[in-house]
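# What the coordinates show
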Amino acid sequence: MKTIKDYFSIKELVCPDVYRRFGESAWNFFDPRLLDTLLWIRKYMSLPIYVNNWDMGGQLTQRGLRCNLCQLVASKTKNGQLYISAHQMGQAVDFDVKGWNAEAVRQLLNSVQAELPHKIRLESDVTWVHLDVRTHNCPSNIYFFKG
């Protein structure tokens, strides 16, 4: 049976600073519900899912686990803003699915929500799929929110 590591490298799921410091042990920072759900979606769709691409020379670095050195987090801290994101807690990823736009992925997930292994939240009206498992107050298997 295939596992999350058969489909994703840890480098795809964490920022470069986390990988440099923790390497493969960074898997331990993720909420198992997130990894289960990401694996389920990957198997269900049978298509590549793209999170970060910094390891292949791309510009995407903050779509998985974010640390305090990540520009998005660091800039909020510098401006005195409180910022506690599901990305910082290992509970969120932003991703794209090969050949699909984000809204189509959200609609598909909504149509099969009863089959999902865990409750999820999806951000509406963005050009990527933001998925997180910070679902303690979610009334249904999928909760849509606007960032």
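Residues numbered from 1 in each chain as written. Predicted model: local features only at pLDDT ≥ 70, side-chain atom pairs only at ≥ 80, totals over all residues. Heavy atoms only, no water.

## Here we look at helix α4 (residues 32-45)
Here α4 spans 20 Å end to end across 14 residues, near enough to the 20 Å set by a 1.5 Å rise per residue. Taken together, the buried positions of α4 are occupied by L34, L35, T37, L38, L39, W40, I41, R42 and M45. One or two positions beyond α4, positive phi appears at S46, with a value near 55°. (Helix = DSSP H or I, 4+ residues; strand = E, 2+ residues; numbered from the N terminus. Expected span 1.5 Å × (residues − 1). Buried < 20%, exposed > 50% of the residue type's maximum accessible area, 1.4 Å probe, protein only.)

## Quick word on the layout of surface pockets
Empty pockets left among the atoms are what a rolling probe the size of a water molecule brings to light. In this model, the largest pocket occupies a volume close to 260 Å³. Lining the largest pocket are 14 residues, with R66, Y83, S85, H87 and H130 sitting closest to its centre. Of all elements in the fold, only β3 (120-123) and β4 (129-132) reach the threshold of two or more residues within the lining of the largest pocket. Looking at the lining of the largest pocket residue by residue, the classes come out as 5 nonpolar, 3 polar and 6 charged. (1 Å grid on protein atoms, 1.4 Å probe; cavity = no way out; pocket = protein on both sides within 12 Å on 5 of 7 lines; lining within 4 Å. Points joined across faces, edges and corners; volume = space filled by probe spheres on them. Nonpolar A, V, L, I, M, F, W, Y, C, P; charged D, E, K, R; others polar.)

## Focus: the pattern of salt bridges
Tallied over the entire structure, the rule returns 8 salt bridges. The partner of K11 in a salt bridge is D55, with the nearest N and O atoms 3.6 Å apart. Pair noted here: K11 is in helix α2 (residues 10-13) and D55 is in the loop between β1 (49-50) and α5 (71-78), with a separation of 44 residues, a long-range link. Residue K11 is classed as partly exposed on the basis of its relative accessible area of 23%. On the basis of relative accessibility, which here comes to 42%, the residue D55 falls in the partly exposed class. Between D31 and R33 there is a salt bridge; the shortest N-O distance is 2.7 Å. (Salt bridge = Lys/Arg side-chain N within 4 Å of Asp/Glu carboxyl O.)

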